[in-house]
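Listed below are the residues making up each chain.
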Amino acid sequence: MADAALFEFLHTEMVAELWAHHSDPGPGGQKMSLSVLEGMGFRVGQALGERLPQETLAFREELDVLKFLCKDLWVAVFQKQMDSLRTNHQGTYVLQDNSFPLLIRMAAGLQYLEEAPKFLAFTCGLLRGALSTLGIKSLVTASVASLPTCKFQVVIQKT
């Protein structure tokens, strides 16, 4: 449990520090901070992917890879499984976490809903980095309709 608390505090400090340095309230400053967080997450996702057992790297289908992310990777990072995985079978997947650990503390009030995207950028990068290591090029976005529930949309980019 200590690992989860340390990760949460580290993540919160990364977000706070980036927002302090790129405090431009306009879209340019926010976009820069989100990009930096997503880039950090991408590198961490790659590193996690590189440490996966070799037998997990032999997935045959995209759906198997996404199931792996929802179960094993999510447990390794957040100590819980993703709540649902949906797909249109055309390269788009929606991963839903009904109690996303990085948003739970903000769930007390609706005023924090607009702050949620900056707490999801790192995780979008994490997912994209892990997918990249597994040989899948993707675009990952996140959305929040009500706290602490969030959805990650993964669009596989065909080459």
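Above this text sits the structure in question.
As the structure is a computational prediction, the values presented were derived from the model and not from experiment.

**Student:** Before we move on, can you summarise the environment of Met106 with the specific residues and values?
**Tutor:** Tracing the backbone shows Met106 in the loop between strand E2 (92-97) and helix H4 (121-133). A sequence separation of 42 residues divides Met106 from Pro148, and the C-alpha atoms of the two residues are 7.3 Å apart. Look past the residues within four positions of Met106 in its chain and what remains in contact with it is Tyr112, Glu115, Ala116, Phe119 and Leu147.

**Student:** Describe unusual backbone geometry, and please don't skip the residues or the numbers.
**Tutor:** Omega for the peptide link from Leu147 to Pro148 comes to 0°, which places this bond in the cis form. By the secondary structure assignment, Pro148 is in the loop between strand E3 (138-143) and strand E4 (150-156). Of note in this structure, His89 is not a glycine but carries a positive phi near 60°. The topology assignment puts His89 in the loop between strand E1 (84-87) and E2.

**Student:** So what's going on with the packing of aromatic side chains? Residues and values would help.
**Tutor:** A full pass over the atoms with the stated rule returns five aromatic pairs. With a centroid separation of 5.9 Å and 35° between ring planes, the pair formed by Trp74 and Phe100 is classed as tilted. A residue pair is termed long-range when its members are at least 10 positions apart, and Trp74 in helix H3 (residues 62-78) and Phe100 in the loop between E2 and H4 qualify at 26 residues. Judged by relative accessible area, Trp74 falls into the buried class, the value being 0%. An angle of 70° between the planes, with centres 5.7 Å apart, marks the rings of Trp74 and Phe152 as edge-to-face.

Calculation rules
- Position labels on residues start from 1 in each chain and follow its written sequence.
- At least 70 in pLDDT is required for a residue's local features to be given in this predicted model, at least 80 for side-chain atom pairs to be given and counted, and no such filter applies to totals for whole chains, interfaces and linings, which use all residues.
- Computation of side-chain values: all heavy atoms of the structure, hydrogens and water removed.
- A helix here means a DSSP run of H or I that spans at least four residues, while a strand means a run of E at least two residues long, and both kinds are numbered starting from the N terminus.
- A contact between two residues is defined here by any heavy atoms of the two lying within 4.5 Å.
- Between the rings of Phe, Tyr and Trp (Trp by its six-membered ring), a pair exists once the centres lie within 6.5 Å; its type follows the angle of the planes, with under 30 degrees stacked, over 60 edge-to-face, and the other angles tilted.
- For each residue, the accessible area found with a 1.4 Å probe, counting protein chains only, is set against the maximum for its type, and the residue is called buried under 20%, exposed over 50%, and partly exposed in between.

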